[in-house]
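# Structural overview
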Amino acid sequence: MRISVAADECVGVAKELVDELGRRGFDGVLTHGALSESERDDWAWASEAAARDVAEGRADQAIVCCWTGTGASIAANKVAGVRAALCGDAATATGARKWNDANVLALSLRSTSAAELTEILDAWFAGEPSADAADRANIAHLTKIERGH
């Protein structure tokens, strides 16, 4: 699985996130914003870059981070085909993957501890989208909304 990661600052768990993905065997993690030496590090630009990696097939999933996680999630969700979820705990990450088929995880650099990061990533990567017809109908409806229908 290919992962894209963005952060607007190298504070909190930003660098630990990249290291943890490496420990989990994700090679060639795509980095954006403050995690890249050549890109703009503002949250809107960095999160958009990671989301576009997912939408355009360069990455299977992305993780976007900013101080609260809110701006990163908003920016990522502006990219068609992206379903970003701001997750502050493992239960929310499980639900986001299951019911929302989320393909971008948004994290707060301010409030995510190292222990929570591990738990959230465990839940996120163990999660699978629901096959339930009602859940799939909701995801299909999101695509219609994106297309203006």
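Cut-offs and rules
Residues numbered from 1 in each chain as written. Predicted model: local features only at pLDDT ≥ 70, side-chain atom pairs only at ≥ 80, totals over all residues. Heavy atoms only, no water. UniProt positions renumbered as here; feature names shortened; annotations may be inferred. Helix = DSSP H or I, 4+ residues; strand = E, 2+ residues; numbered from the N terminus. Expected span 1.5 Å × (residues − 1). Buried < 20%, exposed > 50% of the residue type's maximum accessible area, 1.4 Å probe, protein only. Arc of directions from axis to C-beta. Contact = heavy atoms within 4.5 Å. Pairing = 2+ DSSP bridges. Right-handed = clockwise from strand over helix to strand, strands pointing away. Axes fitted to C-alpha atoms, helices over the stretch in contact; angles between N-to-C directions. Core = buried A, V, L, I, M, F, W, Y, C linked by side-chain atoms within 4.5 Å. Phe/Tyr/Trp six-rings, centres within 6.5 Å; stacked < 30°, edge-to-face > 60°. Lys NZ or Arg CZ within 6 Å of the ring centre and 35° of its normal.

- Looking at an unreviewed UniProt entry, one finds the protein chain named RpiB/LacA/LacB family sugar-phosphate isomerase and attributed to Nocardia xishanensis.
- The record in UniProt for the protein chain states the following under Sequence similarities (unreviewed entry): "Belongs to the LacAB/RpiB family."

### Topic: helix 2 (residues 43–55)
- For helix 2, with 13 residues, the first-to-last C-alpha span of 18 Å sits near the 18 Å given by 1.5 Å per residue.
- Of the residues making up helix 2, those classed as buried are Ala46, Ser47, Ala50, Ala51, Asp53 and Val54. What you see down the axis of helix 2 is that its buried residues fit within an arc of 150 degrees, all on one side.
- Looking at the buried residues of helix 2, the elements they touch are strand 1 (3–7), strand 2 (30–33), strand 3 (61–66), helix 3 (70–77) and strand 5 (104–108).
- Of the residues one or two after helix 2, Gly57 is the one with positive phi, at around 85 degrees.

### Here's the deal with unusual backbone geometry
- For Asp101, which is not glycine, the phi dihedral falls at a positive 45 degrees.
- Looking at where Asp101 falls in the secondary structure, it is placed in the loop between helix 4 (90–100) and strand 5.
- Residue Asp101 is classed as buried on the basis of its relative accessible area, which comes to 12%.

### Considerations on the pairing of strand 2
- Pairing of strand 1 with strand 2, which is carried by 4 bridges, proceeds in the parallel orientation. Its bridge partner lying in strand 2, Val5 is registered against Thr31.
- At this point the chain moves from strand 1, through helix 1 (residues 14–23), to the parallel strand 2, and the crossover so formed is right-handed.

### Here's the deal with the sheet that holds strand 1
- Read from one edge to the other, the open sheet built from 5 strands follows the order 2-1-3-5-4, with strand pairing classed as parallel. The sheet is open, and its two edges are formed by strand 2 and strand 4 (84–86), each paired on a single side. For this sheet, the mean inter-axis angle between neighbouring strands, taken without regard to orientation, is 20 degrees.
- With 5 bridges connecting them, strand 3 and strand 5 associate as parallel partners.

### Notes on the nonpolar core
- By size, the foremost hydrophobic cluster in this structure holds 25 residues, and its most contacted members are Leu17, Leu21, Ile63, Leu105 and Leu107.
- Residue assignment for this core shows that the elements contributing at least two residues are strand 1, helix 1, strand 3, helix 4, strand 5 and helix 5 (114–126).
- In terms of residue count, helix 5 provides more of this core than any other element does, 5 residues in total.
- Here Leu105 is in contact with Ala62, Ile63, Val64, Ala85, Cys87, Ile120, Leu121 and Trp124, once residues within four sequence places are set aside.
- Counting residues in each nonpolar core, the second largest holds 16 residues, with Ala51, Val54, Ala62 and Ala76 among its members.

### A short note on the packing of aromatic side chains
- All chains considered together, the criterion is met by 1 aromatic pair.
- Consider the rings of Phe26 and Phe125, whose centres lie 4.8 Å apart with planes at 35 degrees: the pair is tilted. With Phe26 in the loop between helix 1 and strand 2 and Phe125 in helix 5, this pair connects stretches of sequence that are 99 residues apart.
- The exposure class of Phe26 is buried, given its relative accessible area of 14%.
- Lying over the aromatic face of Trp45, Arg40 brings its terminal NZ or CZ to 3.5 Å of the ring centre.
- The ring centre of Trp124 lies 5.5 Å from the NZ or CZ of Arg97, which sits over that ring.

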